[in-house]
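Examining the three-dimensional arrangement
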Amino acid sequence: MFERLPYHLSDWFHFGPTELLQAYWSAAPMDAIDARHYEQRAHPPGSSIFERRFRSRFAVEQHLCTQFAGARGYACPRVLNDTSEAVLRDHARFMAHEVMLLDPWQIGLVFPKYAWVGGSRFQCMNNMMHLDWVALQGPELAGFQDAPGLRRLIRERGRSKRLTALAFRHSRLLHALLFDPQRSSAPVRRMLSRLARHL
């Protein structure tokens, strides 16, 4: 949505067979060239204000995930916001088949530092959530007690995400005002957040 970072799999916690987790976390360290990638190069045209804040070629989470996914034959990004058709297709396939994505509150995780994330409309739209992961599983939602209700929630979330993405693209001229960490734009953000709730 706002930061287009395929294969940016959260590193808060992972559960799985020991061998699989060891393979995931065995990525080679990021080298100095990749760590300073955007100190030497311009960001790709169309990069968002958030993507332009990165100095490294990939976010750390992407660096880990792309090495794991690439070794399994998935098409991986060349830079952090590479959203080519092949990358997005394989990212969706990777998330659907290699990962089970849960929201923190589903498992009772209390993480005070990031408690604000669950209540943030911005983060809710920007992050891939459990419902997005369920949607990737395809139309067959067998095993869920209320498949029609779940499909309705998936449609509603998809609509909200499309409208939010459209609003973000068309508000590009305001991004420096809204998202510059040096400015106090809290009142404007609150107003836009209230507006977004009605989308």
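Our structure is the block above this text.
Quick look at the structure, then. Along every chain, residues carry numbers that run from 1 in the direction the sequence is written. Residue-level local features of this predicted model are given only where pLDDT is at least 70; pairs of side-chain atoms are given and counted only at 80 or more, and the full residue set underlies all totals for whole chains, interfaces and linings. Note that water and hydrogens are dropped before the side-chain values are worked out from all heavy atoms of the structure.

1. Remarks on the overall build of the protein
The way it works is that DSSP assigns letters per residue, a run of H or I at least four long becomes a helix, a run of E at least two long becomes a strand, and they are numbered from the N terminus. Scanning the protein from terminus to terminus reveals 11 helices and 0 strands. Walking the protein from its N terminus toward its C terminus, one meets helices and strands in the order α-α-α-α-α-α-α-α-α-α-α. Type-normalised accessible area, obtained with a 1.4 Å probe on protein chains alone, sets the label of each residue: buried when under 20%, exposed when over 50%, and partly exposed for intermediate values. Taken over 199 residues, the protein has a buried fraction of 36%. Residue contacts are counted whenever heavy atoms from the two residues lie within 4.5 Å of one another. Across the protein, the fraction of contacts at a sequence separation of at least 24, relative to all contacts at a separation of at least 6, is 64%. Carbon together with sulfur atoms contributes 59% to the accessible area of the protein, which is approximately 12600 Å² in total. We get accessible surface area from the Shrake-Rupley algorithm with a probe of 1.4 Å; when it comes to residues, only the shown protein chains can shield them.

2. Focus: the nonpolar core
Counting 18 residues, the largest nonpolar core has Y7, L9, Y24, C65, F94, M95 and V99 as the members making the most contacts within it. Put simply, the parts of the chain that give this core at least two residues each are α4 (60–71), α5 (85–98) and α8 (130–136). For this core, the leading source of residues is α4, giving 4 residues. Those residues in contact with M95 that lie beyond four places of it in its chain are L9, L101, M128, W133 and L136. Only buried Ala, Val, Leu, Ile, Met, Phe, Trp, Tyr and Cys residues count toward a nonpolar core, and they belong to the same one when joined by side-chain atoms within 4.5 Å. Ranked by size, the runner-up nonpolar core spans 6 residues in total, among them F54, A59, V79 and L80.

3. Details of the side chain of S56
Note that S56 resides in the loop between α3 (37–40) and α4. Within polar-contact distance, the side chain of S56 engages the backbone oxygen of F58 at 2.7 Å. N or O atoms closer than or at 3.5 Å make up a polar contact, with two conditions inside protein: a donor-capable atom paired with an acceptor-capable one, and, for residues adjacent in sequence, both atoms drawn from side chains.

4. Observations regarding α4
Taking 1.5 Å per residue as the helical rise, α4 with its 12 residues ought to reach 16 Å, and the 17 Å between its terminal C-alpha atoms agrees with that figure. Within the sequence span of α4, burial applies to E61, Q62, H63, L64, C65, T66, F68 and A69. Against α1 (18–24) and α5 lie the buried residues of α4. Two residues or fewer after α4 comes G73, characterised by a positive phi angle close to 90°. In this analysis, the expected span of each helix is defined as 1.5 Å times one less than the number of residues it contains.

5. Some words on the pattern of salt bridges
When a carboxyl oxygen of Asp or Glu is within 4 Å of a side-chain nitrogen of Lys or Arg, the pair counts as a salt bridge. Under the definition given, this model contains 9 salt bridges. The salt bridge involving R89 is made with D90; its shortest N-O contact spans 3.4 Å. Owing to a relative accessible area of 6%, D90 belongs among the buried residues under this scheme. Among the charged side chains, a salt-bridge network with shared partners connects R89, D90 and R93.

6. Overview of the packing of aromatic side chains
Aromatic rings from Phe, Tyr and Trp, with only the six-membered ring used for Trp, were paired whenever their centres fell within 6.5 Å, and each pair was classed as stacked if the ring planes differed by under 30 degrees, edge-to-face if by over 60, and tilted otherwise. Tallied over the full model, the rule gives 9 aromatic pairs. Ring geometry for W12 against F111: centres 4.7 Å apart, planes inclined by 65°, an arrangement best described as edge-to-face. On the criterion of sequence distance, the pair formed by W12 in the segment before α1 and F111 in the loop between α5 and α6 (115–119) is long-range, its members being 99 residues apart. W12 sits in the partly exposed class, given a relative accessible area of 33%.

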